[in-house]
Number of protein chains: 2
Amino acid sequence: MNNHDRKMHLNLFLASMGHHEASWRYPDAPTEHLFNFTYYKELVKKAEQAKMDSIFLADRTSTSSKSVKYGALTPFEPTTLLSALAVVTEKIGLIGTVSTSFNEPYNVARRFSSLDFLSNGRAGWNIITSGTDSEAQNFNLDKIPDHALRYKRAKEFLDVSIKLWDSWEDDAVILNKESGIFADSRKVHEINHKGEFFKVRGPLNISSSPQKRPVLVQAGTSENGKEFAATYAEAIFTAQQTFADAKAFYNKVKERVKKNGRNPDQVKILPGICPIIGETKEEVIETESKLQELMNFDHSLMQLSNRIGTDLTSAKLDEPLPELPVIEEIQGHKSRTELIIELAQRENLTLKQLLIRLAGGRGHYTIVGTPQKIADELEYWFLNGAADGFNIMPQIMNPDFDLFIRLVIPELQKRGLFRTEYTGNTLREHYGLAIPDNQFMSI
Amino acid sequence: MNNHDRKMHLNLFLASMGHHEASWRYPDAPTEHLFNFTYYKELVKKAEQAKMDSIFLADRTSTSSKSVKYGALTPFEPTTLLSALAVVTEKIGLIGTVSTSFNEPYNVARRFSSLDFLSNGRAGWNIITSGTDSEAQNFNLDKIPDHALRYKRAKEFLDVSIKLWDSWEDDAVILNKESGIFADSRKVHEINHKGEFFKVRGPLNISSSPQKRPVLVQAGTSENGKEFAATYAEAIFTAQQTFADAKAFYNKVKERVKKNGRNPDQVKILPGICPIIGETKEEVIETESKLQELMNFDHSLMQLSNRIGTDLTSAKLDEPLPELPVIEEIQGHKSRTELIIELAQRENLTLKQLLIRLAGGRGHYTIVGTPQKIADELEYWFLNGAADGFNIMPQIMNPDFDLFIRLVIPELQKRGLFRTEYTGNTLREHYGLAIPDNQFMSI
Ligand SMILES: Cc1cc2nc3c(=O)[nH]c(=O)nc-3n(C[C@H](O)[C@H](O)[C@H](O)COP(=O)(O)O)c2cc1C
Ligand SMILES: Cc1cc2nc3c(=O)[nH]c(=O)nc-3n(C[C@H](O)[C@H](O)[C@H](O)COP(=O)(O)O)c2cc1C
């Protein structure tokens, strides 16, 4: 048994029945509860009992009649679902995705402050710029704005949001019933932001929340994405197919964070892993092949087309991935497209084989094995400079998330790699993140 | 004792410590819990135990360092707070305000569907167009758009939202694990809306919610507001100073609803009443004068200036209300401004007296008296064609909301005017509102 001061961070990426695209068809999946809050509540409470740092909800602002024909809808909008989860849990962090491309900073900053109050300091925001035309088409546009333009808007969106969170100094609220002074008006600031995309006066209409601002999370892995993350992100979700790639990414990002004058320890990097767990090898193989049988390749092809922004629905399954636009020209999900092309080439996969490889986690690292094997892998990545923790993405929630909690987490705890009790109350405390300085407060 | 088939609807307008502007300073007010979810939860649970139809949250998308100096902030953004309340209550309706001027319909329609799922069919949306420059200045504008333009946008916003709620037919979700069919794609529709303000493809990325759409509530009382309400609203909040005005408004709106080809019974009209309750007359007078003593007239003047869109902060308190722009020129909160001018003239008030009259409910009808007197008044308005129910706005939540529940509601129940048990589960059922037809479904 080993003891480490440095503990890994574990986030549960909540995805209704699981991350495998056929998970909703899995015999044990309680798919009839897809729209029941209680189902999500119980999953999150389990994650909290296991002392996980946080849960995470992804988001996408469109769907189509075709993609719901064979694919389960992810119901619930993240900020509403997280608000509900906030008041039935006590410790676990609550991270939700909201796009900077189709929202206004005043509304978003405010909803996250509201969530931070409701949860007593457990809010996190996964900042995305969105990447598909079909999303843009729900917001008065024909096409998704160019990648660089989206990140430019995202940067200004963040600058405005941070000013708004800072607009109430920590001790601005006086709340003196006798004198009748509610707030020290010298400590409540107009921000008077005027930029290329936004003009916002402020102050925010909600005072400084328990964490001052939500933990800022980011998942873009392209060049623009990495630069954005190095400037703003306090935690980074990323999809990495190999230890070598993960380590290279880890080093690059930490380096860039340092170059930007920030402390690299204050940016936690969490690669996604999509486990299929079994107590024996036979069990694992059975689960894996059962999931594979339940796949619908028409659906998988459409999902892939959507993800990489190129229509592949008439491509041949038994041939290699057709040639795609060069990466410089891709305006959608840049880094994920790159990862997928590389994976297909490295492993010399037919399109069908590629679809099977992607089904379990859309490009995230899939680990298939016994609890021991999974713990070994996490330990190796964690101790050898590839990760500060992991984004746990069970391919099927039931029973794999249970197995992860019952068998993998205790193993990690035994090895001294993961907490056995919460030592703090806020998401910042779980992740070991400081409260950032307020730009309006003199020190 | 009397028995009526027709029961009144009672909504609690939740406002932290109460609707009186000095309520946060009232000795019994638990103002230290202003930011604690538990405080709101307990109020709402009380309203539910009393079998009230719904609770309501107002909203405003700006504040200023001046207005929070003496005035308590209303924390929490409505859709997040209602989502949290949804999962700790079972029956009571949850109505929240969101502006059509600073949001996108796809986001708003989706959040209300999400809330409707979280609450199992108890969501309501109070549709506002916002009315102040200071709000516009948080959303890239210098001034609030003109009244008529705002209502034009609001109409299109609603058309889009309704199409989005209809975009999933009731039985579109198949969820057949064996066949692998999740949804009947013929029953999931693109809406392909192209209008003056919005271009939205659809479908919504959340299926048809328990109520199909939230109950649509509206509170504009101007000509444009009434026309909008007659087209879309299923419940109308309104501020009326006298029985005669309330009755005239009631008749006019129901008439207009009929002219628009809708059933007037399917539009519930709920004037606001701001009670101060005491078991004896002496008690009431004491509460009233205590509240008056706690007022800060600088603050009151600023609030009034903000509400009517004219700076009165240097006006003399002992003189009548200064001349204001003619009502046709007012682009902000038109109907409320009109009401305030009429009130000052009718009662021949000095500015100070006007501020005192407005302090308890900003222009809503204030009733001050014993439970008996309050029940009499509600009964009279209800039985004589001025109201389908009431928007209860206690001037101080503690203890007046308790008194309302403990003494007024039982009196109304004894008279057969209010339910003693919930007879349904959804907000539509409480209000007696049908589920509207889906424009994409053939009958
Ligand atoms: C764990 C994880 C979660 C993500 N969640 C979302 C999401 O919810 N919505 C979305 O549009 N993209 C999501 N992405 C995709 C990335 O954000 C994607 O890479 C990005 O949209 C494109 O930026 P890039 O070109 O900088 O990589 C996620 C990625 C990762 C690794
Ligand atoms: C009970 C009630 C609640 C209201 N809530 C809000 C609100 O939350 N936010 C807001 O800006 N206006 C609110 N209003 C103000 C009206 O919506 C106001 O009349 C409207 O903004 C201006 O439209 P009008 O000129 O058609 O009256 C409310 C009015 C009433 C009667």
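In the block above lies the structure referred to throughout.
Residues numbered from 1 in each chain as written. Chains lettered and ligands numbered in written order. Predicted model: local features only at pLDDT ≥ 70, side-chain atom pairs only at ≥ 80, totals over all residues. Heavy atoms only, no water.

Considering the overall build of chain A
Applicable threshold: Secondary structure elements follow DSSP: runs of H or I of four or more residues count as helices, runs of E of two or more count as strands, with numbering from the N terminus. A radius of gyration in this sense is built from C-alpha atoms; the matching globule rule multiplies 2.2 Å by the number of residues raised to 0.38. The cut-offs for exposure are 20% and 50% of the maximum accessible area for each residue type, with area from a 1.4 Å probe on protein chains only; residues under the lower value are buried, those over the upper are exposed, and the others partly exposed.
Of regular secondary structure, chain A possesses 15 helices and 13 strands. Relative to the globule expectation of 22 Å for 443 residues, the C-alpha radius of gyration of chain A, 22 Å, shows essentially globular dimensions. Its C-alpha atoms put chain A at 75 × 55 × 45 Å along the principal axes. When each of the 443 residues of chain A is scored for burial, the buried share is 62%.

Thoughts on the site of ligand 2
Residues and elements named next belong to chain B. Threshold: The cutoff for a nearby residue is simple: one of its non-hydrogen atoms must lie within 4 Å of the molecule or strand. Contacts described as polar in this section are N or O atom pairs within 3.5 Å, which, within protein, must combine one atom able to donate a hydrogen with one able to accept it, while residues neighboring in sequence count only if both atoms come from side chains. Only the protein chains shown count as cover for residues, and all accessible areas are computed by the Shrake-Rupley method using a 1.4 Å probe. Under the grouping applied here, Gly and all other residues not named as nonpolar or charged are polar, the nonpolar ones being Ala, Val, Leu, Ile, Met, Phe, Trp, Tyr, Cys and Pro and the charged ones Asp, Glu, Lys and Arg.
Around ligand 2, the structure places 23 residues, and the nearest of them are Asp59, His147, Ser222, His333 and Ser335. In this structure, an oxygen atom belonging to ligand 2 sits 2.8 Å away from a side-chain N or O atom of tyrosine 151. At 2.4 Å from an oxygen atom of ligand 2 is found a side-chain nitrogen or oxygen belonging to serine 222. For ligand 2, whose accessible area on its own is 610 Å², the fraction buried by protein is 93%. At the level of secondary structure, the elements contributing two or more residues to the shell around ligand 2 comprise β4 (123-128), α6 (147-166), β10 (235-238) and α11 (334-346). For the shell around ligand 2, the element with the most residues is α11, which contributes 3 residues. Among the residues forming the shell around ligand 2, the class breakdown is 8 nonpolar, 12 polar and 3 charged.

Some words on the pairing of strand β1 (residues 9-13) of chain B
All names here are of chain B. Keep this limit in mind: Strands qualify as paired when DSSP identifies two bridges or more between them. Classification remark: right-handed applies to a crossover when, strands pointing away from the viewer, the course from the first strand over the helix to the second runs clockwise.
Counting buried residues along β1, 5 of its 5 residues qualify, which places the element largely inside the surrounding structure. Where burial is concerned, the two faces of β1 agree: the one with His9, Asn11 and Phe13 and the one with Leu10 and Leu12 are both buried. The pairing of β1 with strand β13 (residues 389-392) spans 4 bridges and is classified as parallel. Note on β13: the bridge partner recorded for histidine 9 is glycine 389. Relative to strand β2 (residues 54-57), β1 runs parallel, the two sharing 3 bridges. In the sheet register, leucine 12 faces β2, and the bridge partner there is isoleucine 55. Note on the crossover from β1 through helix α1 (residues 37-49) to β2: the handedness is right-handed.

Observations concerning the site of ligand 1
Residues and elements named next belong to chain A. Near ligand 1, the surroundings consist of 23 residues, among which Asp59, His147, Tyr151, Ser222 and Ser335 are the closest. At 3.0 Å from an oxygen atom of ligand 1 is found a main-chain nitrogen or oxygen belonging to threonine 221. Within the side chain of serine 335, a nitrogen or oxygen atom sits 2.3 Å from an oxygen atom of ligand 1. Looking at side-chain class alone, the shell around ligand 1 contains 8 nonpolar, 12 polar and 3 charged residues.

Focus: the relation of the copies chain A and chain B
Two copies of one chain are present, and they are related through a rotation about an axis combined with an axial shift. We count it as follows: In superposing the copies, a least-squares fit is computed on C-alpha atoms, taking residues whose pLDDT is at least 70 in both. We call two residues contacting when some pair of their heavy atoms lies within 4.5 Å.
Superposing chain A onto chain B requires a rotation of 180° together with a translation of 0.0 Å along the rotation axis, leaving an RMSD of 0.0 Å. Expressed as an axis order, the relation between the two copies is that of a two-fold axis. Considering only C-alpha atoms, the residue of chain A closest to the rotation axis is alanine 84 of chain A, which sits at 2.0 Å. Of the interface residues in chain A, 100% have counterparts in chain B that sit at the interface too, so the contact is made through matching surfaces.

Quick word on the pattern of salt bridges
Threshold: We count a salt bridge whenever a side-chain nitrogen from Lys or Arg sits within 4 Å of a carboxyl oxygen from Asp or Glu.
Under the definition given, this model contains 46 salt bridges over all chains. Residues glutamate 421 of chain A and lysine 51 of chain A are paired through a salt bridge, measuring 3.6 Å at the closest nitrogen-oxygen approach. Note that glutamate 421 of chain A is positioned in the loop between α14 (397-414) and α15 (427-431) and lysine 51 of chain A in the loop between α1 (37-49) and β2 (54-57), a separation of 370 residues in sequence. For lysine 51 of chain A, a relative accessible area of 17% puts it in the buried group. Glutamate 227 of chain B serves as the salt-bridge partner of arginine 256 of chain B, at 3.2 Å between the closest nitrogen and oxygen. Of this pair, arginine 256 of chain B sits in helix α8 (residues 243-259) while glutamate 227 of chain B sits in helix α7 (residues 223-232), placing them 29 residues apart in sequence.

Overview of the packing of helix α4 (residues 105-118) of chain A against helix α3 (residues 78-86) of chain B
Helix-helix packing: each pair is described by the crossing angle between the helix axes and the interaxial distance. The cut-off we apply is this: Axes, fitted as lines to C-alpha atoms, cover a helix only where it is in contact. Angles between the N-to-C directions of the axes lie from 0 to 180 degrees. Relative orientations are named as follows: roughly parallel for angles under 35 degrees, roughly antiparallel for angles over 145 degrees, roughly perpendicular for angles from 65 to 115 degrees, and oblique for any other angle. Working rule for handedness: look at the near helix, and if it is turned counterclockwise from the far one by less than a right angle, call the crossing left-handed; if clockwise, right-handed.
Running from amino to carboxyl end, α4 of chain A crosses α3 of chain B at an angle of 30°, the nearest separation of the two axes being 9 Å. Regarding the angle of α4 of chain A to α3 of chain B, the classification is roughly parallel. Where α4 of chain A crosses over α3 of chain B, the two elements pack in a sense that is right-handed. In this structure, α4 of chain A uses Arg110, Arg111, Ser114 and Leu118 of chain A to contact α3 of chain B, whose residues at the interface are Pro78, Thr79, Thr80, Leu81 and Ala84 of chain B. When its residues are assigned to classes, the contact of α4 of chain A with α3 of chain B shows 4 nonpolar, 3 polar and 2 charged.

Structural notes on the environment of histidine 20 of chain B
All names here are of chain B. Within the secondary structure, histidine 20 sits in the loop between β1 and α1. Under the relative-accessibility criterion, histidine 20 is labelled buried at 6%. Every residue in contact with histidine 20, bar those within four places of it in the chain, is listed here: Leu291, Met295, Ala359, Gly360 and Gln395.

Description of the interface of chain A and chain B
Put simply, the rule reads: Buried area, as used here, totals the accessible surface that two parts lose on assembly, with accessibility defined by a 1.4 Å probe and the loss added over both.
Listed by partner, the interface residues are 74 residues for chain A and 74 residues for chain B. Both faces combined, the contact of chain A with chain B buries some 6400 Å², and carbon together with sulfur accounts for 59% of it. In terms of surface lost to chain B, no three residues of chain A exceed Lys177, Phe182 and Arg201 of chain A, which account for 12% of the buried area on that side. Linking chain A with chain B are 4 salt bridges. Here aspartate 142 of chain A and lysine 199 of chain B are joined by a salt bridge, their closest N and O atoms 2.8 Å apart. Put simply, chain A and chain B have 42 residue pairs in polar contact (both at pLDDT 80 or more) between them. Counting only elements with at least two residues in the side of chain A that touches chain B, the list comes to α2 (67-70), α3 (78-86), α4, β5 (173-176), β6 (181-183) and β8 (199-200) of chain A. No other element matches α4 of chain A, which puts 7 residues into the side of chain A that touches chain B. Considering only residue class, the side of chain A that touches chain B consists of 35 nonpolar, 25 polar and 14 charged.

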